[in-house]
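Fold and geometry: a report
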Amino acid sequence: MPALRVRFAPSPTGNLHIGGARTALYNWLMARGGDGTLVLRIEDTDRERSTPQNVEQILDALRWLELDFDEGPISQVSRSDRHQDVLRRLLEDGHAYRSTATADDVRAFKDEHGADRGFRGEDEAQGAVRLRVPDEGATVVHDIIRGDTTFQHVHLDDPVIARADGTVLYNFAVAIDDLDSEITHVVRGEDHLSNTPKQVLVLEALGVQPPLYAHLPLLHGPDGKKLSKRHGAASVQELRDAGYLPAAVRNYLALLGWGADDDATILSTEQLVAQFDITRVQRNPARFDEQKLRWLNGRYMRELSLDELTRLLEEHTGRTGLADAVAISHEKIQTLADFWPLAGFIFDGPSDDAAAREKWLDVDGLGALGEARTALEHVDPWTVEGIEAALRGVIESRHAKPKDVFQPVRVAVAGTTVSPGIFETLSVLGREETLRRLDAALPRA
RNA sequence: GCCGCCAUCGUCUAGGGGACUAGGACGCCGCCCUCUCACGGCGGAAACCGGGGUUCGAAUCCCCGUGGCGGUACCA
């Protein structure tokens, strides 16, 4: 039994999308759970898109997700000498040939022959390099999620494996790189399934065994369409900006296409590593549901200590001295990004919600506010309990409903109808600032 | 067009011939808690794509249809 070796091989086209992130996670879980090795390879044969910045974005996303790798990153381009060697060998032994046939030529051929025959070119000693597909038989892809898939050779065209200028193409480079990295399990998106026989054929031409495959179901947006920016946070970068926690993202992503034996929903990374089983992965595509991620993230946020949450929020907002405000907001936010809209008024002053003022700072509201101001002035010491007692006293003397006093006060200090608990908020604000804000909301005497 | 993959509540899933009056989670609805928003608690509505088989028995196996998705590049 050879050691488990898996790989994550993104092409650096920009942000790491959540589909790619899940592929990385599944590979990582397999490696970590099975004493395996995870190899990172950058598929950078498309020179246009493979900029150093794009590569750095991928690495950055993996770092944020806290998914480490054991070997690499290996640049596919850096292996071109090896690719050329193999290419030459296939050309020499007749498994590949040069042909000037174009995509249009192949299309014309297909139009004529339909599904009866795959395109087979003539060896013209020049042009692009095509791999010779046997006329008879079939290539079977062994997939540990989907079982065996058979591709009849008559349906396969001889694939181009290198351009006329000699540079190799994806389906060739992948096969060689996986071979040289001694990858035992190729775990990747289902969009690669149809091209897998080309890779298997390359390996068979070299007389070596292909690895086992595991093609993961694709991830779609809430509308079932391909995931994109318009679906909200679709990349790791956006997830981070939206204030999600890496552990929550890992948990959620793991559940997109896989479920634990006991159908548990909240699984720590340790539990994921211990329980993840690639053979239990779903075969049908999953939709990315940000609402569930939000809920899950909220659960993780509430597990955090105040110190840790404060640290993360100060990092996220770029502000300091948030500890008290965090303490009274802890239960009310689901993402790091939720904090400032809820509690930012404590630092930046009341927000300006005209509808809220109109509704709660009417004649009655201002009356309650005036009494509240007087009552609060004498609170000593300035504690949550003292503040509550004072405000409840106002309710009693006015024979009012609680909200008829609390909401005007809230609108006066926060500028809007939503905030952390009112007593806690005033406590954090301090007597001076509280009275200042109440006075500002009251008509001049 | 051709080749291929897929198909359980709105969503993620459990289920791998009888344990299914189909279970859990998010979301939704109602109630409770309550100073707003949340949190928490309780309860509810909500699914086996359709049609044929196989079988004593099918959500589970097979076939067809339908639908979704992917591939079909001298992209990755």
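Up top is the structure.
My aim in this report is to walk through the structure given alongside it, one point at a time.

It is worth spelling out the packing of helix α3 (residues 80-92) against helix α5 (residues 170-180) at this point. Put simply, α3 and α5 touch, their axes get as near as 11 Å, and they point 110° apart. It follows from the interaxial angle that α3 and α5 lie roughly perpendicular. Side by side, α3 and α5 meet where Arg82, His83, Val86, Leu87 and Leu90 of the first sit next to Phe172, Ala173, Ile176, Asp177, Leu179 and Asp180 of the second. For the contact of α3 with α5, a count of residues per class yields seven nonpolar, one polar and three charged.

A word on unusual backbone geometry. Going from Gly72 to Pro73, the amide bond is cis rather than trans, its omega being 5°. Mapped onto the secondary structure, Pro73 falls in strand β3 (residues 71-75). A cis geometry characterises the amide bond from Asp380 onward to Pro381, with omega recorded as 0°. Structurally, Pro381 is set in the loop between α16 (363-377) and α17 (384-398). The phi torsion at Asp35 lies on the positive side, around 55°, for a residue other than glycine. Of note in the backbone geometry, Ala125 takes a positive phi value of approximately 65° without being a glycine. Within the secondary structure, Ala125 sits in the loop between α4 (103-113) and β5 (128-131). Residue classification places Ala125 among the exposed residues on the basis of a relative accessible area of 64%.

The end-to-end C-alpha distance of α16 is 21 Å, a good match for the 21 Å that 15 residues give at a rise of 1.5 Å each. Along α16, the residues that are buried comprise Gly365, Ala368, Leu369, Ala372, Arg373 and Leu376. Each buried residue of α16 sits inside an arc of 145° when the element is viewed along its axis, so together they form one side. The exposed set on the far side of α16, more than 90 degrees from its buried face, consists of Val363 and Asp364. Where α16 is buried, its residues touch α15 (354-360), α17, α18 (402-414), α19 (422-429) and α20 (431-441).

On to the pairing of β5, then. Covered by surrounding structure in β5 are Ala128 and Arg130 together with Val129 and Leu131, the residues of both alternating faces. Alignment of strand β4 (residues 96-99) against β5, held across four bridges, turns out to be antiparallel. Pairing of Tyr97 across the sheet is with Arg130, part of β5. Relative to strand β8 (residues 160-162), β5 is paired through two bridges, and the arrangement is antiparallel. Residue pairing across strands places Arg130 opposite Val160, the latter belonging to β8.

What counts and how
Every chain is numbered on its own, with residues counted from 1 as its sequence reads. For naming, the first written chain is A and the first written ligand is 1, with later ones following in the order written. Local features in a predicted model are, by the rule used here, given only for residues with pLDDT of at least 70; side-chain atom pairs are given and counted only at 80 or more, and totals for whole chains, interfaces and linings are based on all residues. Working from all heavy atoms in the structure, the side-chain values ignore hydrogens and water. Between N-to-C directions, angles cover 0 to 180 degrees, with each direction set by a line fitted to C-alpha atoms, over the stretch in contact for helices. In this text, helices come from DSSP runs of H or I with a minimum length of four residues, and strands from runs of E with a minimum of two, each type numbered from the N-terminal end. Comment on the angle field: the value is read as roughly parallel under 35 degrees, roughly antiparallel over 145, roughly perpendicular from 65 to 115, and oblique elsewhere. Contacts are assigned to residue pairs that have any heavy atoms within 4.5 Å of one another. All amino acids are sorted into three groups, where Ala, Val, Leu, Ile, Met, Phe, Trp, Tyr, Cys and Pro are nonpolar, Asp, Glu, Lys and Arg are charged, and the leftover types, Gly among them, are polar. Throughout, exposure labels follow a simple rule: accessible area from a 1.4 Å probe, protein chains only, divided by the maximum for the residue type, with under 20% read as buried, over 50% as exposed, and the rest as partly exposed. In this scheme, a helix's expected span is set at 1.5 Å multiplied by one less than its residue total. Starting at the helix axis, one direction is taken to each C-beta atom, and the arc is that of these directions. Two strands pair under a simple rule: DSSP has to find at least two bridges between them.

As far as function goes, none of this settles anything; it's purely spatial.
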